[in-house]
Amino acid sequence: MGAAGEHDDAAERGTIVTPSAEFPPLGPEERAALGRIGERWREPRGPDELPVDPTLGRSGRPPRPTRFGRLVPIEMFTVEEPDELVATEPAHLPGTRAGRLLTRARRTLFGPPLSSASVLYERMRKLVALPVLSSDLLSSVAYGPEAMLGVLVLAGSAALGLSLPLATLLVVLMVAVGLSYRQTIPAYPHGAGSYIVAGDNLGRIPGLAAAAGLMLDYVLTVSVSVAAGVHAVTSALPGLAPVTVPLGLLVIAVLLAGNLRGVRTAGNLFVLPTYAFVVAVLVLLVVGYARAAGRGFAPVPPPPVPAAEGLGLLLVLRAFSSGAVSMTGIEAVSNAVPAFRPTEWRNARTTLGWMVAMLVALFAGLVGLIHLDGLVPRPGETLLSQLGRVTFPTGPWYAFLQATTALILLLAANTAFNDFPRLLFFMARDGHAPRRFLHMGDRLAFSNGLVALSLAAGLIFVAFRGNTASLIPLYAVGVFLAFTLSQTGMVVHWWRRRGPGWHRRLALNAIGATLSALVLLTAAVAKFSEGAWVVVVAVPLLVLLFRRIHRHYATLHHALALHPPAPPGPAGSAEGEELPQEVRHLVVVPVARLNRASLRALAYAASLGQPTLAVHIAPEEAEADRFREQWQAWGDHLRLETIVSPYRAVIGPLAHYLEALHTTRPELTLTVIVPEVVLRRRWHRPLHSRVEQRLRAALRALPGVVVTSVPVHLAE
């Protein structure tokens, strides 16, 4: 099947990111059930018999603000189409002064809100998407070679010669995985790459495992990138080393604020640092290799380093898996295809090709130049910083290199800020993550996902105190688990489709899956005791959590889904009533004392025209007698039931009494109307017992019980 055909096939599956994802449409069976329920619906009055004009604007008298809102008269709604109102921007402002001040501050920081129609314009062109989505991938060359050499040097200076063959293998791995993902993009142009690919082709559990690996990868991307960036800063300015943790948390907060402004705005903010870093490293490589050519490319002998471990297969594999962290972020484009301008999959595939080519050039060039200059890792200064000092002994280029390196490392986390919320969106759409992650904020960004990522990354950064060496062993397992499952899923995909050229495509994905699986096993075994066990344990726990969330949503959907109305029969639970003529009411009004609030609640209950019962909880018999006398003085208009609570509890006896009533007649819908005094000032709240809120909380768990309140507002 051609790429365009695959694109159309995926689009038909309804996987486009839209603000309406929070409101999924009804399926055919539910629509049919809805029609059958509507045929049996009978109302006591017609739908047009309303005491107000629901269209507001057609009445000639637009609603005025109340004294609580203190807003100037303004049109809050407009009539765009017949029978459709559209809320204007002022209608979103809170009614309180503090709320409006907070809203203005938020809009100053994050920008004015964007309408839902703007989601089509919040896309990135290739020149913007390249630095935004490649910042993680390209920045990893600043610490990937050092991570590999840091393991090799444990076997002494002589083992550093293995860096070149290992780098060659890593380049082969980069090209193979990059080409594999280039095939994934047109086949699955809707994003969430590994999660969707593995889920579609290998089953739900592999898909969730890939999602868990990606989520851990994104959280660690933020932590590792910020830690490496802060390390680059402290390498140039050692005086800032004591404030590593606060500095890193500040960077995470700045990244969060930038991404809350929206995809396009965040992309424009982070374009320049990435391109500046690429220019700085390319200049470093050109000057460095020119200097090496002047001496005939003769390698400088590295300083003698005593061996701390023997040179064996396990150490070589550890070095290989450590260097493989340079590939983290290679899946970013496949996860964020919907963020591109049309044609999305074509622009995404082109961008990925550029990214892989730049990664190979920078990684191979740096490893080769480090070998030629005879540099070894040492504490307190990164290898890239050492290489800059050797290559640029004078002039401003060393400072420029360090500044751009620090910036791209700090901003490399932005790739995770693009992909993590989008992955959560697709998982929430499938019911494997909380549905709050479907919501788009004021700026059409997935605000809840961004905040969740920032909190998780901040906790890990604090727990490891910003130590890059401690974080990197956690890194490779999660991301290569996702790589392996995604590429294996693509092998199954081509085997099932068998379109033109499927043999070649299957073979390419099989190579990527095999190499990724090799790195996964190597990282899991070789680095298990160094911290990789955390990821090995966390992935199945996350999968279990996702399945429990899905089970909850499946139970909820089954309970709330529309079913054909049951034929008339014996009375059952009030929870199943969907037709107004089948609802049997009993209105219950708890009355503590006869005052304006309780009398208003009683009047409201009686106006509904349904059987009404008043209930009074008395601490002793004498007080119950006094209340009955007051009730008689009022006129005994409604049936009163008094309950003596000798232990002075109110909420418990009332809740159990209502439960007993419901058990006696389960077909009844108990409507509990609670009188409530509304306090305008926050400092007044501690002066009241807030029995209304406690009662509502206790009754909410009872089936067949509806709790509402009749407010009485204080004048001050």
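Residues numbered from 1 in each chain as written. Predicted model: local features only at pLDDT ≥ 70, side-chain atom pairs only at ≥ 80, totals over all residues. Heavy atoms only, no water.

Novice: I'd like to hear about the pattern of salt bridges, residue by residue, with values.
Specialist: Opposite charge on two side chains allows them to pair when their charged atoms are near. A complete count under the given rule lists nine salt bridges for this structure. In this structure, Glu-641 and Arg-639 form a salt bridge, with 3.5 Å as the shortest nitrogen-oxygen distance. A cluster of three or more residues bridged by salt bridges with shared partners is formed by Arg-378, Glu-381 and Arg-389. (Salt bridge = Lys/Arg side-chain N within 4 Å of Asp/Glu carboxyl O.)

Novice: Please give an account of helix H16 (residues 397–411) that cites residues and values.
Specialist: Spanning 15 residues, H16 covers 21 Å between terminal C-alpha atoms, matching the ideal 21 Å at 1.5 Å per step. Within the span of H16, buried status applies to Tyr-398, Leu-401, Gln-402, Thr-404, Thr-405, Ala-406, Ile-408, Leu-409, Leu-410 and Leu-411. (Helix = DSSP H or I, 4+ residues; strand = E, 2+ residues; numbered from the N terminus. Expected span 1.5 Å × (residues − 1). Buried < 20%, exposed > 50% of the residue type's maximum accessible area, 1.4 Å probe, protein only.)

Novice: Give a detailed account of the packing of aromatic side chains, specifying residues and quantitative values.
Specialist: Going through the model one piece at a time under the given rule, you end up with nine aromatic pairs. Measuring from centroid to centroid gives 5.0 Å for Phe-480 and Phe-483, while their planes differ by 75 degrees, and the two rings are edge-to-face. Of this pair, Phe-480 and Phe-483 are both found in helix H20 (residues 475–497), three residues apart, which corresponds to roughly one turn of the helix. Like Phe-483, Phe-480 is buried. (Phe/Tyr/Trp six-rings, centres within 6.5 Å; stacked < 30°, edge-to-face > 60°.)

Novice: Describe the packing of helix H6 (residues 163–187) against helix H21 (residues 502–526), listing the residues and the values that go with them.
Specialist: Remark: H6 packs on H21, axes separated minimally by 9 Å, with the N-to-C direction vectors making an angle of 130 degrees. Relative to H21, the element H6 is oriented oblique. You can see that H6 and H21 cross each other, and the crossing is left-handed. Two secondary-structure elements touch here, H6 through Leu-173, Ala-176, Val-177, Leu-179, Ser-180 and Gln-183 and H21 through Arg-504, Arg-505, Leu-508, Asn-509, Ile-511, Gly-512, Leu-515, Ser-516 and Val-519. For the contact of H6 with H21, a count of residues per class yields eight nonpolar, five polar and two charged. (Axes fitted to C-alpha atoms, helices over the stretch in contact; angles between N-to-C directions. Parallel < 35°, antiparallel > 145°, perpendicular 65-115°, else oblique. Left-handed = near helix turned anticlockwise from the far one by under 90°. Contact = heavy atoms within 4.5 Å. Nonpolar A, V, L, I, M, F, W, Y, C, P; charged D, E, K, R; others polar.)

Novice: A description of the pairing of strand E5 (residues 639–644) should follow, citing residues and the corresponding values.
Specialist: Direction of pairing for strand E4 (residues 612–618) relative to E5: parallel, over a ladder of six bridges. If you follow His-616 over to E5, its bridge partner there is Thr-642. Following the chain from E4 across helix H24 (residues 621–634) to the adjacent parallel E5, one finds a crossover that is right-handed. (Pairing = 2+ DSSP bridges. Right-handed = clockwise from strand over helix to strand, strands pointing away.)

Novice: I'd like a rundown of a nonpolar patch on the surface, residues and numbers included.
Specialist: Together, Phe-528, Trp-533, Val-534, Val-536, Val-537 and Leu-541 line one region of the surface with nonpolar side chains, adding up to about 520 Å² of accessible area. Of the residues examined, Trp-533 reaches a relative accessible area of 43% and is grouped as partly exposed. (Patch = residues over 30% accessible without salt bridge, like charges linked within 9 Å, V, L, I, M, F, W, Y side chains within 5 Å. Areas by Shrake-Rupley, 256 points an atom, 1.4 Å probe, with all protein chains shown as cover.)

Novice: Explain the sheet that holds strand E3 (residues 584–590) to me, and be specific about the residues and the numbers.
Specialist: Strand order in the open sheet made by the five strands is E5-E4-E3-E6-E7, with parallel pairing throughout. Two strands in the sheet have a free side with no partner beyond their single neighbour: E5 and strand E7 (705–713). Across the sheet, the mean angle from the axis of one strand to that of its neighbour is 25 degrees, orientation sign disregarded. Pairing analysis gives four bridges linking E3 to E4, with the strands arranged parallel. Each bridged residue has a counterpart across the sheet, and for Pro-590 the counterpart in E4 is Val-615.

Novice: Give a detailed account of the confidence of the model for the protein, specifying residues and quantitative values.
Specialist: For the protein, mean pLDDT is 79; residues scoring 70 or higher make up 80% of the total. Every residue in residues 1–15 scores below 50 in pLDDT, and together they form 29 contacts with partners more than four places removed in sequence or on other chains. Across residues 67–74 the pLDDT falls below 50, and counting only partners more than four positions away or on other chains, this stretch makes 16 contacts in the model. (pLDDT = per-residue confidence, 0-100.)

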